[in-house]
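Listed here are the chains, written in short residue letters.
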Amino acid sequence: MAEQMEPAGWLEALGWFSLSVAFACALVILADVFLLGRRQHMWIMNLVYPVTALYWGPVALWFYYAHGRRTSEPAVAEHGMPDSDKLPDWNDQSKAISHCGAGCTLGDIAAEWLVLATSLTLAGKALYADFALDFAFAWVLGVVFQYFTIVPMRGIGRLRGIWAAVKADTLSIVAFQIGLFFGMWLYQEIIFSPGLPKTTAAYWMMMQLSMVLGFFTAWPVNAWLVRAGWKERM
């Protein structure tokens, strides 16, 4: 196993705090959705919001309470669906990014632990194996998340839905992963060279920050995808 750097005590403590806050935010959203009966009108958002909280933490919790609750089934039954054309662009674009971001997050978590469990390397580096598997898993899950958004909104068949999801999310996932991979390279190869162990909280806090960076690098692409009609306004 390649030599790695154990994080300083203060950094590890900060990592545990960051992860704890993020998990608490995700649990609050899950409780609101499944225990208090505020399931989303579009069911895939029941997963998107808590998964987004795993890296955005309190920001995702604020967005859910400020905007996500408005599209829950009880709110839609009482007030109808919000008019997406009247929502600010940043609202639609944030939701669009969150779809691919949720798929990327789950895919990255699964891929990272798989690389660790199998001691997989690419060109002699575990980081490159992380990149390859992260992208593969993220692309598959991102397309799945997008499929369950596009098909019910457009009322199209399965094959057309798969193609529409691939077309809508591939560029978004590439853009998200560019920011994520740059962040991973920065903290594993530069800041904490020769790299933090994946079994530390500090590593996953850095992953949270890298995912936030990926969210912003995906923003311009998603803004274009929404304007072009490849992604739905919600």
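Structure shown above.
Residues numbered from 1 in each chain as written. Predicted model: local features only at pLDDT ≥ 70, side-chain atom pairs only at ≥ 80, totals over all residues. Heavy atoms only, no water.

Aromatic ring pairs are defined here through the distance separating the ring centres and the angle between the ring planes. The tally for this structure, following the rule as stated, stands at 18 aromatic pairs. By the ring-pair criterion, three or more aromatic residues cluster together here, those being Tyr49, Trp62, Phe63, Tyr64, Tyr65 and Trp90. (Phe/Tyr/Trp six-rings, centres within 6.5 Å; stacked < 30°, edge-to-face > 60°.)

For helix α9 (residues 219-228), the complete set of buried residues consists of Asn222, Ala223, Leu225 and Val226. One face of α9 carries all of its buried residues, which in axial projection span an arc of 165°. Exposed and oriented more than 90 degrees from the buried face of α9 are Pro220 and Arg227. Residues of α9 that are buried sit in contact with α5 (89-118) and α7 (158-191). Positive phi appears at Gly229, one or two residues downstream of α9, with a value of about 85°. (Buried < 20%, exposed > 50% of the residue type's maximum accessible area, 1.4 Å probe, protein only. Helix = DSSP H or I, 4+ residues; strand = E, 2+ residues; numbered from the N terminus. Arc of directions from axis to C-beta. Contact = heavy atoms within 4.5 Å.)

Time to look at the environment of Tyr147. Position of Tyr147 among the secondary structure elements: in helix α6 (residues 126-154). Residue class for Tyr147 comes out buried when judged on its relative accessible area of 17%. Along the backbone, Tyr147 and Phe63 are 84 residues apart, and their C-alpha atoms lie at a distance of 23 Å. The contacts of Tyr147, once residues within four sequence positions are left out, are Pro152, Arg158, Gly161, Ile162 and Ala165.

Our next topic: the side chain of Thr200. Mapped onto the elements of the fold, Thr200 is located in the loop between α7 and α8 (201-217). Here Pro197 takes part through its backbone oxygen, which lies 2.7 Å from a polar atom of the side chain of Thr200. Ignoring sequence-local partners within four residues, the contact set of Thr200 consists of Glu6, Pro7 and Glu12. (Polar contact = N/O pair within 3.5 Å; in protein donor to acceptor, adjacent residues only side chain to side chain.)

Tracing the sequence through the fold places Cys25 in helix α1 (residues 9-35). For Cys25, a relative accessible area of 7% puts it in the buried group. In the structure, Cys25 is positioned 29 residues away from Leu54 in sequence and 7.7 Å away in space, judged by C-alpha atoms. If we ignore the near neighbours within four places in the chain, the residues touching Cys25 are Ala53, Gly57, Pro58 and Leu61.

Between helix α2 (residues 45-56) and helix α3 (residues 58-66), the shortest axis-to-axis distance is 6 Å and the interhelical angle comes to 145°. From α2, Tyr49, Thr52, Ala53 and Trp56 reach across to α3, where they touch Pro58, Val59, Ala60, Phe63 and Tyr64. Each residue belonging to the contact of α2 with α3 can be placed in one class, and the counts come to eight nonpolar, one polar and no charged. (Axes fitted to C-alpha atoms, helices over the stretch in contact; angles between N-to-C directions. Nonpolar A, V, L, I, M, F, W, Y, C, P; charged D, E, K, R; others polar.)

A cluster of nonpolar residues, Trp43, Leu47, Trp139, Val140, Val144 and Phe148, forms a patch on the protein surface that exposes about 490 Å² of accessible area. Sort the elements by how many residues they give to the nonpolar patch and α6 lands first, with four residues. Inspection of the secondary structure puts Trp43 in the loop between α1 and α2. (Patch = residues over 30% accessible without salt bridge, like charges linked within 9 Å, V, L, I, M, F, W, Y side chains within 5 Å. Areas by Shrake-Rupley, 256 points an atom, 1.4 Å probe, with all protein chains shown as cover. Salt bridge = Lys/Arg side-chain N within 4 Å of Asp/Glu carboxyl O.)

All right, on to the pattern of salt bridges then. Inspection of the entire model under this criterion finds five salt bridges. Here Glu112 makes a salt bridge to Lys198, at a shortest N to O gap of 3.7 Å. In this pair, Glu112 is assigned in helix α5 and Lys198 in the loop between α7 and α8, connecting sequence segments 86 residues apart. Residue Lys198 is joined to Asp130 by a salt bridge in which the shortest nitrogen-to-oxygen separation is 2.6 Å. Residue Lys198 is located in the loop between α7 and α8, and its partner Asp130 is located in helix α6; the two are separated by 68 residues in the primary sequence. There is no split in this pair, since Lys198 and Asp130 are both buried. Through salt bridges with shared partners, a single network forms among Asp32, Arg38 and Arg69.

Time to look at α8. Given a rise of 1.5 Å per residue, 17 residues ought to cover 24 Å, and the 24 Å separating the end C-alpha atoms of α8 matches this to within 8%. Burial analysis of α8 places 13 of its 17 residues in the buried class, the great majority of the element. (Expected span 1.5 Å × (residues − 1).)

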